[in-house]
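Summary of the model geometry
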Amino acid sequence: MSVAYEELREAAELAAAPRRSPARPVVRVDLSTSSIAAEADRLWEALEPLAAEHDIELMRVGTLGLSWLEPVVEVERPEMGAVVYGPVPPEDAAEFLQAALSDNPGEAAAPWLIGARTPSAGIAPLSDHPFWGPQERRLMRVMGLIDPESIDEAIAEGAYEALDRAVTMEPMAICDLVLSAGVGGRGGGGFPAGQKWKFLLGAPGPTKYLVCNADEGDPGAFVNRVLMESDPHLVIEGMAIAGKATGSDYGFIYIRDEYPLSIERMQLALEQARERGVLGRDIFGSGFDFDLEITRGAGSYVCGEETGLIASVEGIRGMPKIRPPFPAQRGVFDQPSNVNNTETYANVPLIVQHGDAWYRQFGTESDPGTKMFSISGALERPGILEVPFGMGMDELLLGCGGGPPDGHEPKGIQPGGPLGGLLPASDLGLRLERPPFTERGVLLGSGGLILFDERASAVDLTKYFSEFCEDESCGRCTTCHGGSQRLVEVLERIMHGDGREEDLERIGAIDRTLQNANCLHGQFTPYAVRGLVNYFRDELDTHIAEKRDPARVAPGLTRYLITDPADPRLDEAAALCPTACIERAPAEADEEDDAPASERLGDWRIDEARCIHCDVCREIAPDAIRVEDRFLQLLSVI
């Protein structure tokens, strides 16, 4: 450990001591995008005036990953350890705080209690919770514990110690270490990071660039966002070490503009890192120079592909480029470059600090280490967690996530985003590593897993993801843009009752054609429809041959009917209907009825021509509205 780092660490530990070893209660409030969506910012505002009254330290932290329980609060007391509570609504702030600070918080604060993160008398440990117990938190070790806007707290927990070691190492030695550890591209490609760095290290020329791909555009994936919001210095340190390993002195962190909090916290972390000398010139007196800047993406999904991202960094339209040349030869501004995912860089400090053998204690031969997963969809407990590669998908989604709510049954899984494909529920036993997923014709992707139950339509999901791919096509090659349009058109016809037996042949022809697209976006676009044909064929055949949707969501195969006109919730349903298709028909006037027509209201009805099948009305008035097969209506007419 260098003298420069020792001095930095000592100063940081002194500054962070009141929160790391508190002499008075510390109340940690999760302030991340997910928690703010659940009004954690309003909870913070409610707790602020109470802090002085109760003599507590109020502290902003990142997420513990318990998304379904937001807003989450942790209360750490010197004599009682750290206890996690949630959800804590803003209106409960005063009552909650009094209960959590009482002599018996396990009983007094029971309505909000989740578990004790550190030993606490009379309170079950958080490790007993099914969501928390199976985790191996390495990347997430300090998330939810430190203030992500404080570099002192990050350094006090060990941040930049690995960089202090790396600046004294030979670049090739770092590449070899990362390669030996086996960390692959966490964006879904899985290509060995150490090998990729060697390509850049061996590239000629004095100017080389690093790029962090934080464009994360897959629906249901928020691993990168959580990393940047909860522990930004881990990402920065990983990129600085990669800079030393590849001979690069500058890098770009490409963050999608839909992540404003990530941008804000990463920008602050960069400024703090420069102030402390862990970015910039002559880091730790080693002679190594390295700096970073943030580039904000404009929301184009195809910029997740590394050459499209590079084009966007350069300030031109984000369209993938034909390879070769590869980025290690000609990347950003035509200089040799390397692109890695946010999570890939975040693993690097752990490898340098603890070694490759330590890193391989968990995981599998093909995918060593741990992986962060964001789980959502039909789950009791959606959130984000870190588990070893090789865990069963059923353990993650049914065990940690709790499976579908209200007794519903799993139907399928959507892994890897819109380009990842679909799997049936029978594949829940797959191990979470790349080879089993590849063998099934899908992608494990960057860590987003969505479970759906019998209420969802596999055909509708496939159409949604195909539409997404069509919308996000850059349009550079007709194969991708035109092919994805044709795919959507076929699925749209099927959903509206015009499916034909020959559509299966058409889908196959479009799939084969799309394999000639210029980049992976077009080539992977048919993955979802492949999953539909391979694993949900019966459902697709039912749509085409019987003109019926078992899930009853296809707009052309179903209709909404009012079954209880007296239900008082119909008024609310009508008020919220986006197309005003729920209406009360004027009753026919009785000869002796002198009331004005505006007051003579008859039964409710739904105007089918205006109904867009958004399902809002049925969610509000489930006992008064039902969905039935339109085909049955036609039979009754015949």
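Residues numbered from 1 in each chain as written. Predicted model: local features only at pLDDT ≥ 70, side-chain atom pairs only at ≥ 80, totals over all residues. Heavy atoms only, no water.

**Digging into unusual backbone geometry**
Each neighbour pair has its own omega, and for glycine 86 with proline 87 the value is -10°, a cis peptide bond. Tracing the chain through its elements places proline 87 in the loop between strand E4 (81-85) and helix H4 (93-100). Here proline 324 and proline 325 are connected by a cis peptide whose omega angle stands at 5°. Residue placement: proline 325 occurs in the loop between helix H13 (306-313) and strand E9 (337-341). With a phi angle near 55°, aspartate 282 is a residue other than glycine that sits in the positive phi range. (Helix = DSSP H or I, 4+ residues; strand = E, 2+ residues; numbered from the N terminus.)

**Details of the sheet that holds strand E13 (residues 423-424)**
Pairing is mixed in the open sheet, where 5 strands are placed in the order E11-E10-E14-E12-E13. At either end of the open sheet lies a strand with only one pairing partner, and these are strand E11 (383-388) and E13. Pairing between strand E12 (residues 410-415) and E13: 2 bridges, direction antiparallel. Paired with isoleucine 413 across the two strands is leucine 423, which belongs to E13. (Pairing = 2+ DSSP bridges.)

**A short note on the pairing of E12**
In terms of burial, E12 is a largely internal element, 5 of the 6 residues being buried. Pairing of E12 with strand E14 (residues 448-453) involves 5 bridges; the strand directions are antiparallel. Counterpart to proline 415 in the pairing with E14 is leucine 449. (Buried < 20%, exposed > 50% of the residue type's maximum accessible area, 1.4 Å probe, protein only.)

**What about the sheet that holds strand E5 (residues 113-116)?**
Read across the sheet, 5 strands follow the order E2-E1-E3-E4-E5 without closing on themselves; strand pairing throughout is mixed. The outermost strands of the open sheet, each flanked by one partner alone, are strand E2 (57-61) and E5. This sheet shows a mean twist of 20° between the axes of neighbouring strands, independent of strand direction. Taken together, the 4 bridges between strand E1 (residues 26-30) and strand E3 (residues 73-77) define a ladder with antiparallel strand orientation. (Axes fitted to C-alpha atoms, helices over the stretch in contact; angles between N-to-C directions.)

**Some words on the confidence of the model for the protein**
For the protein, per-residue confidence averages 92 on the pLDDT scale, and 96% of positions sit at 70 or higher. Mean pLDDT values over the elements of the protein span from 57, in helix H26 (residues 630-637), up to 98, in helix H11 (residues 232-246). Considering only residues more than four positions removed or in separate chains, one finds that residues 595-601, a stretch of pLDDT under 50, has 9 contacts. (pLDDT = per-residue confidence, 0-100. Contact = heavy atoms within 4.5 Å.)

**A few points about the packing of aromatic side chains**
Within this structure, the stated rule accounts for 14 aromatic pairs. A ring pair is formed by tyrosine 5 and phenylalanine 284, whose centres lie 5.8 Å apart and whose planes are at 85°; its orientation type is edge-to-face. Of this pair, tyrosine 5 sits in helix H1 (residues 3-20) while phenylalanine 284 is found in the loop between helix H12 (260-276) and strand E8 (291-297), placing the two residues 279 residues apart along the sequence. Taking the relative accessible area as the measure of exposure, tyrosine 5 reaches 0% and is therefore buried. On the basis of relative accessibility, which here comes to 12%, the residue phenylalanine 284 falls in the buried class. Three or more aromatic residues joined by ring pairs form one cluster here, namely Tyr209, Tyr250, Phe252 and Phe333. The positively charged end of arginine 138 is found above the aromatic ring belonging to tryptophan 358, 3.6 Å away from the centroid. Here the basic side chain of lysine 371 rests over the ring of phenylalanine 373, its NZ or CZ set 5.4 Å away from the ring centre. (Phe/Tyr/Trp six-rings, centres within 6.5 Å; stacked < 30°, edge-to-face > 60°. Lys NZ or Arg CZ within 6 Å of the ring centre and 35° of its normal.)

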